[in-house]
Amino acid sequence: MSGVSHALPLRRLAPIFNVFACNTDVGKTTLSGAVASAALASGRAVHYVKPVQTGFPRWSDARFIERCVPPHAVSRLVTYTGATYTDAVSPHLAAARENRIVPDDEVLGFVGTALSRRLDASPPPAGTLALVETAGGVASPFPSGSLQCDALRPFRFPTLLVGDTKLGGISSTIAAFESLYVRGYDVPFVVLMEDPAVSAMAALGNAEAIEDYLRRGWPKSAATLAQQSSAFMPARPRVLSLPRPPPPAEPALLEAAGLSAERVAELECRDDAQLRHWLAQVGASGGPAAELVEAMFASHEARLDALERAESATRESVW
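Undergrad: Honestly, the packing of aromatic side chains in this entry has me stumped. Any pointers?
TA: The description of an aromatic ring pair rests on the distance of the ring centres and on the angle between the ring planes. In this structure the tally under the stated criterion is four aromatic pairs. Summarising the aromatic geometry, the rings of Phe17 and Phe189 are spaced 6.4 Å apart at their centres and angled 45° between planes, so their arrangement reads as tilted. Here Phe189 lies in strand β6 (residues 189-194) and Phe17 lies in strand β1 (residues 16-21), a separation of 172 residues in the sequence. Accessibility assignment for this pair places Phe17 and Phe189 in one class, buried. Ring centres of Phe155 and Phe157 lie 4.8 Å apart, and the angle between their planes is 10°; on these two criteria the pair is classed as stacked. Each member of the pair, Phe155 as well as Phe157, is classed as buried. Its end group placed over the ring of Phe297, Arg44 keeps NZ or CZ at 3.9 Å from the ring centre. Between Arg58 and the ring centre of Trp59, over which it is positioned, the NZ or CZ distance is 5.5 Å.

Rendered as structure tokens:
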């Protein structure tokens, strides 16, 4: 890192959240789409930023977010994609294969510019929610080889951490949480995308185990390493669950199966209909995505209030 400042001013009606995950393929982009859709349905604007995208243009997380937008809310969504690579592999490997390593400061400069350009505009009365969705897991590398949790640290945006519901997911989720915590990130929410087809008897109980760990308090060693650098994190991060949407039909697999272009298009339309139905369910008033959006805005308000109190308390104590 060059030491260039990437600080952004805090705005009360415009919270910015990272979306990190403990691993790839645990529902990070799906959650981002549900949160974006619910925020738009509540009358807010949404700015979605993807700092690094591999597998582009065949795969585009920003394009998925755009699919999640209610037709009447298209004008209130803006998406940005930063460094792009064709190979659908880890960014550092894609960068090496394409002989095009984008420096960390360039990626951070893109994120800062994308956010400040739009957030400086007049937000709707209900506010604007900005999401910065990372790639892979918490410690996945940027194109430079830096861990993305280190590269994005100058912003220190609060974080939605997407956990893992599979076997071994308790460990990977807690390890990801502590990796963020010791770096000074606020992690007010841990979200798990549950498979609704799995019965309560067959479920592995990952959400309950992670919540129990956080309720009892993570090890003192982690707090010592962090040196209480995240003083404005809620005492107990909330653990939330959302149902996963029905799995989409993969176009590549459909083509490989020898289906006609018309049949592939028909199945993709079915996917869109299922996605819209799922978004309407989780984003409806009282639905889990809608409640998460309100909790995110409340968490942002509480964080700003704590920062303001810290300033006045310091002045009274020091001066």
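This is not the end of the story, as more comes after the structure.
Undergrad: Is there a simple way to explain the pattern of salt bridges in this structure?
TA: Side chains that carry opposite charge are capable of pairing whenever their charged atoms lie near each other. For the coordinates displayed, the defined rule picks out 15 salt bridges. One salt bridge in this structure joins Arg67 and Asp272, with 2.5 Å as the shortest N-O distance. One end of the pair, Arg67, is in helix α2 (residues 61-67); the other, Asp272, is in helix α10 (residues 261-283), and 205 residues separate them in sequence. Between Glu98 and Arg100 there is a salt bridge; the shortest N-O distance is 3.2 Å. The class for Glu98 is partly exposed, based on a relative accessible area of 28%. Note on Arg100: relative accessible area 35%, which makes it partly exposed. Each of Arg12, Glu301, Asp305 and Glu308 takes part in a single network of salt bridges with overlapping partners.

Undergrad: It is not clear to me how the side chain of Asp61 should be interpreted in this structure. Could you clarify?
TA: Inspection of the secondary structure puts Asp61 in helix α2. Of the residues examined, Asp61 reaches a relative accessible area of 17% and is grouped as buried. Here the side chain of Asp61 touches Lys50 through a polar contact of 2.7 Å, side chain to side chain. For Asp61, the residues in contact, after removing those within four places along its chain, are Thr29, Tyr48, Lys50, Gln53 and Glu133.

Calculation criteria
- Residues numbered from 1 in each chain as written.
- Predicted model: local features only at pLDDT ≥ 70, side-chain atom pairs only at ≥ 80, totals over all residues.
- Heavy atoms only, no water.
- Phe/Tyr/Trp six-rings, centres within 6.5 Å; stacked < 30°, edge-to-face > 60°.
- Helix = DSSP H or I, 4+ residues; strand = E, 2+ residues; numbered from the N terminus.
- Buried < 20%, exposed > 50% of the residue type's maximum accessible area, 1.4 Å probe, protein only.
- Lys NZ or Arg CZ within 6 Å of the ring centre and 35° of its normal.
- Salt bridge = Lys/Arg side-chain N within 4 Å of Asp/Glu carboxyl O.
- Polar contact = N/O pair within 3.5 Å; in protein donor to acceptor, adjacent residues only side chain to side chain.
- Contact = heavy atoms within 4.5 Å.

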